[in-house]
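Okay, here's what each chain looks like letter by letter:
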Amino acid sequence: MEDDSLLESFWAVTRRLRERTKITLEPWHVSPSQSRALGVLSRHGEVRLSVLAERLHIAPRSATEVVDDLQERGLVERKPDPTDRRATLVALTPGGVATAAAIHEARATEGERLFAGLDPADRTELARILNLLREAR
C-alpha cells in the first residue's frame, strides 16, 4: 500500500467483489439486488414486501420492482397476508428455493477464492474489523 490510502484500497476490494459477484450470478441471470432478495426470502421465509424492502435497505418501490422481476421468472410468488388483507406476502417458489440454494453455494465458493490468500488469523482479524465497520453508526 505504498501510494494507496486505506480508503482507496477498501474501494478497490469492493469493486473487485462487485465484479466477481456479477460474474458469479451470470448462470442464473439475476442481478445482485435480486440475489439478495432471494437470500432474504431463503433465510426468513415469506415476508411482507415492506419487510423485504427493509431487510434489503431499499425503497419499497425498488423492492416492488425486484419482486416483479423475480415473479415474472417464476422464482417468487405473491400471496395475501392472512392477518391483514391489505398486505401482500412474498415467498419463494420451488424454483426460487433451488435457485437461492445454488446462488448461496456459488457465492460461498467465490468467497473462499477471494479469501484464499489469507491465513486463518488474518481471516479472523478481517472479520473482526469488518464487523466493527458494519456496526458503526
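Quick notes on the rules
- Once a new chain begins, its residue numbering starts again from 1 and follows that chain's sequence as written.
- Local features are withheld for residues below a pLDDT of 70 in this predicted model, meaning they are given only at 70 or higher, and side-chain atom pairs are given and counted only at 80 or more; totals for whole chains, interfaces and linings count all residues.
- Excluding hydrogens and water, the side-chain figures rest on all heavy atoms present in the structure.
- Elements are defined by DSSP. Helices are runs of H or I of four residues or more, strands are runs of E of two residues or more, and each kind is numbered from the N terminus.
- For each residue, the accessible area found with a 1.4 Å probe, counting protein chains only, is set against the maximum for its type, and the residue is called buried under 20%, exposed over 50%, and partly exposed in between.
- Here, residues are in contact when the closest pair of their heavy atoms is within 4.5 Å.
- Paired strands, as defined in this entry, are two strands with at least two bridges between them according to DSSP.
- Throughout this description, the term nonpolar core refers to a set of buried Ala, Val, Leu, Ile, Met, Phe, Trp, Tyr and Cys residues connected via side-chain atoms within 4.5 Å.
- Any Lys or Arg side-chain nitrogen located within 4 Å of an Asp or Glu carboxyl oxygen qualifies as a salt bridge.
- Planes of paired rings set the category: under 30 degrees apart is stacked, over 60 is edge-to-face and the rest tilted, where pairs are Phe, Tyr or Trp rings (Trp by its six-membered ring) whose centres lie within 6.5 Å.
- A helix's residues, less one, multiplied by 1.5 Å, set its expected span.
- Think of the arc as the fan of directions from the helix axis to the C-beta atoms.

Of note in this structure, His 29 is not a glycine but carries a positive phi near 55 degrees. Within the fold, His 29 resides in the loop between α1 (6-25) and α2 (32-44). Phi at His 57 takes a positive value of approximately 60 degrees, unusual for a residue other than glycine. You can see His 57 is positioned in the loop between α3 (49-56) and α4 (60-72). Note on His 57: relative accessible area 72%, which makes it exposed.

The next subject is the environment of Leu 38. Examined against the element boundaries, Leu 38 turns out to sit in helix α2. Look at Leu 38 and you get buried, because its relative accessible area is 0%. Taking the C-alpha atoms as reference, Leu 38 lies 8.6 Å from Leu 70; in sequence the two are 32 residues apart. Apart from the residues within four sequence positions on either side, Leu 38 is in contact with Leu 70, Leu 75, Val 76, Leu 92, Gly 96, Thr 99, Ala 100 and Ile 103.

Right, let's talk about the environment of Ser 42 for a bit. Position of Ser 42 among the secondary structure elements: in helix α2. On a C-alpha basis, the gap between Ser 42 and Thr 93 in space is 10 Å, while along the polypeptide they are 51 residues apart. Not counting chain neighbours up to four residues away, the residues in contact with Ser 42 comprise Leu 92 and Ala 100.

Okay, the pairing of strand β2 (residues 76-81) next. Sheet analysis places β2 next to strand β3 (residues 84-92), joined by six bridges and oriented antiparallel. When the bridges of β3 are listed, Val 76 appears paired with Leu 92. What sits between the antiparallel neighbours β2 and β3 is a turn of two residues.

Attention now moves to the nonpolar core. The biggest cluster of nonpolar side chains holds 21 residues, and the ones touching the most others in it are Leu 38, Leu 41, Leu 52, Leu 70 and Val 76. Mapped onto this core, the elements with two or more residues apiece are α2, α3, α4, β3 and α5 (94-115).

As a further point, take the pattern of salt bridges. Counted according to the given criterion, the structure contains 11 salt bridges. Between Glu 46 and Lys 79 there is a salt bridge, and its shortest N-O distance comes to 2.9 Å. Of the two residues, Glu 46 sits in the loop between α2 and β1 (47-48) while Lys 79 sits in strand β2, which places them 33 residues apart along the sequence. A salt bridge links Arg 61 to Glu 65, with the shortest nitrogen-to-oxygen separation between them at 3.8 Å. With Arg 61 and Glu 65 both in helix α4, this residue pair falls four residues apart, about one helical turn.

Describing an aromatic ring pair means giving the distance of the ring centres and the angle of the ring planes. Scanning the entire structure with this criterion turns up one aromatic pair. Between the aromatic rings of Phe 10 and Trp 11, the centroid separation amounts to 6.1 Å while the plane-to-plane angle is 75 degrees, which identifies the pairing as edge-to-face. Classification of Trp 11 by relative accessible area gives partly exposed; the value is 43%.

With 20 residues, α1 should cover 28 Å at 1.5 Å per step; its first-to-last C-alpha distance of 29 Å lies within 8% of that length. By the burial criterion, the buried members of α1 are Ser 9, Arg 20, Thr 21, Thr 24 and Leu 25. End-on, the buried residues of α1 take up no more than an arc of 130 degrees, which puts them together on one face. Exposed and oriented more than 90 degrees from the buried face of α1 are Leu 7 and Ile 23.

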